[in-house]
Amino acid sequence: MAKDIIKVEDVGMKFNLSKEKVDSLKDYIIKSIKGEISYNEFWALKDINFTLQKGDRLGILGLNGAGKSTLLKVIVGVFKPTEGKVTKKGKIAPLLELGAGFDQQYTGRENIFLYGAVLGFSRSFLEEKYDEIVEFAELEEFIDVPLKNYSSGMKARLGFAIATIVEPEILILDEVLSVGDAKFRKKSEKKVMSMFDKGVTVLFVSHSIEQVKKLCNKAILLEKGKIIAQGDIEEVAKIYESKTK
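Presented here is a report on the structure given in the accompanying data block.

Criteria and cut-off values
- Chains are numbered independently. Their residues run from 1 in the order of the written sequence.
- It should be noted that, the model being predicted, local features are given only for residues of pLDDT at least 70 and side-chain atom pairs only at 80 or more, the latter also being counted only at that level, while totals for whole chains, interfaces and linings use all residues.
- The side-chain figures draw on all heavy atoms in the structure; neither hydrogens nor water molecules are used.
- Think of it this way: any DSSP run of H or I at least four residues long counts as a helix, any run of E at least two long counts as a strand, and we number them from the N terminus.
- Relative accessible area decides the class of each residue, using a 1.4 Å probe on protein chains only: under 20% of the type maximum gives buried, over 50% gives exposed, and in between gives partly exposed.
- Contacts are assigned to residue pairs that have any heavy atoms within 4.5 Å of one another.
- Reported accessibility uses the Shrake-Rupley method at a 1.4 Å probe radius. Residues are deemed covered only where the shown protein chains occlude them.
- Residues belong to a common nonpolar core when they are buried Ala, Val, Leu, Ile, Met, Phe, Trp, Tyr or Cys residues joined through side-chain atoms within 4.5 Å.
- A patch consists of residues whose relative accessible area exceeds 30% and which take part in no salt bridge; residues with like charges are grouped when within 9 Å of each other, and nonpolar side chains (Val, Leu, Ile, Met, Phe, Trp, Tyr) when within 5 Å.
- Here, a salt bridge means any side-chain nitrogen of Lys or Arg that lies within 4 Å of a carboxyl oxygen of Asp or Glu.
- Neither His nor the chain ends contribute to the count of charged residues, in which Lys and Arg are positive and Asp and Glu negative.
- Lys charges are placed at NZ, Arg charges at CZ, Asp charges at CG and Glu charges at CD.
- For Phe, Tyr and Trp, rings pair up if their centres lie within 6.5 Å, where Trp contributes its six-membered ring, and each pair is then called stacked (planes under 30 degrees apart), edge-to-face (over 60) or tilted (otherwise).

**Section: the overall build of the protein**
The number of helices and strands found in the protein is eight helices and nine strands. Taken across its 245 residues, the protein has 42% of its residues classed as buried. For the protein, restricting intrachain contacts to residue pairs at least 6 apart in sequence, the fraction spanning at least 24 positions comes to 70%. Split by element, the accessible area of the protein, about 13,000 Å² in all, is 50% carbon and sulfur.

Right, dumping it as structure tokens:
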């Protein structure tokens, strides 16, 4: 019997958006006390249901604002869903915002240990994998330079190299294969594909439909926070492409 790795059941995510323009925290507190703050309810996700088994590779498609990144953050655990539940089995490697834990004043070398700790890796593990990270990121000459002097591509390469050093059961990718130059994009794509051979389960968000078709076997299509199509990647991609013309 197939093993469910991720189960998303009746998930909804609601945000309360303030109707008033508030210029400062002081204003906000005063208006809150006076009961002058009112909110619009905004459901970023509603009635989301799907199940993934070991080795499934799910492309999450949708136009901007459809709820793709919000869904990934709910699955990772960054957001607690307003309703419904997410069940996960196995180690997750979330590649959502590469380098979000970096310190610009520290060198590349120092950030490997800082960002690695943010991702939950031990110092001994990072020391063991240090050379591999630097080599993959192609930053040998710049590893002792402060990150504030790195280009955005260099930071992304370092973030990707650190985050993919583990062998997770679940890999979550949000637009991260579009970072860096064409050569590095090809290299990072190859790294992700090598994980497929080990049976990793993937959730992938990308604006590149060709990349999604290449990497995924299943897809869901989101529109205004709801799933409007799901199933085989080719079938769902056709519906998505018809909406982007």
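Further notes follow.
**As for unusual backbone geometry**
For Asp10, which is not a glycine, the phi torsion comes out positive at approximately 50°. Within the secondary structure, Asp10 sits in strand S1 (residues 4–18). One non-glycine residue, Glu138, adopts positive backbone phi at about 60°. Tracing the backbone shows Glu138 in the loop between helix H4 (123–137) and helix H5 (152–163). Judged by its relative accessible area of 29%, Glu138 falls in the partly exposed class.

**Things to note about the environment of Tyr240**
Looking at the element boundaries, Tyr240 is found in helix H8 (residues 233–244). For the pair Tyr240 and Glu223, spaced 17 residues apart in the sequence, the C-alpha separation amounts to 9.9 Å.

**Overview of the nonpolar core**
Counting residues in hydrophobic clusters, the biggest one holds 48 residues, and the most contacted among them are Ile112, Leu158, Leu171 and Leu173. Setting aside residues no more than four positions away along its own chain, Leu158 makes contact with Phe102, Gly108, Ile112, Ile133, Ala137, Leu139, Leu147 and Tyr150. The next biggest cluster of nonpolar side chains, apart from the first, holds 23 residues, and it includes Val11, Ile60, Ile170 and Ile220.

**Remarks on a positive patch on the surface**
A contiguous patch of positive charge on the surface is contributed by Lys3, Lys7, Lys54 and Lys89. Relative to the assigned elements, Lys7 resides in strand S1. Assessed through its relative accessible area of 33%, Lys7 is described here as partly exposed.

**A short note on the packing of aromatic side chains**
Inspection of the entire model under this criterion finds seven aromatic pairs. Both rings, one in Phe102 and one in Tyr115, keep their centres 4.8 Å apart while their planes meet at 65°; by these two values the pair is edge-to-face. Pair noted here: Phe102 is in the loop between strand S5 (92–95) and helix H3 (108–118) and Tyr115 is in helix H3, with a separation of 13 residues, a long-range link. Both rings, one in Phe160 and one in Phe184, keep their centres 6.0 Å apart while their planes meet at 85°; by these two values the pair is edge-to-face. Of this pair, Phe160 sits in helix H5 while Phe184 sits in helix H6 (residues 182–196), and the two are 24 residues apart along the sequence. Taking the relative accessible area as the measure of exposure, Phe160 reaches 0% and is therefore buried. The exposure class of Phe184 is buried, given its relative accessible area of 1%.

**Observations regarding helix H2 (residues 68–76)**
All buried positions along H2 are accounted for by Lys68, Thr70, Leu71, Leu72, Val74 and Ile75. The first or second residue beyond H2 is Gly77, which carries a positive phi of 110°.

No statement about biological role is implied by the geometric values presented.
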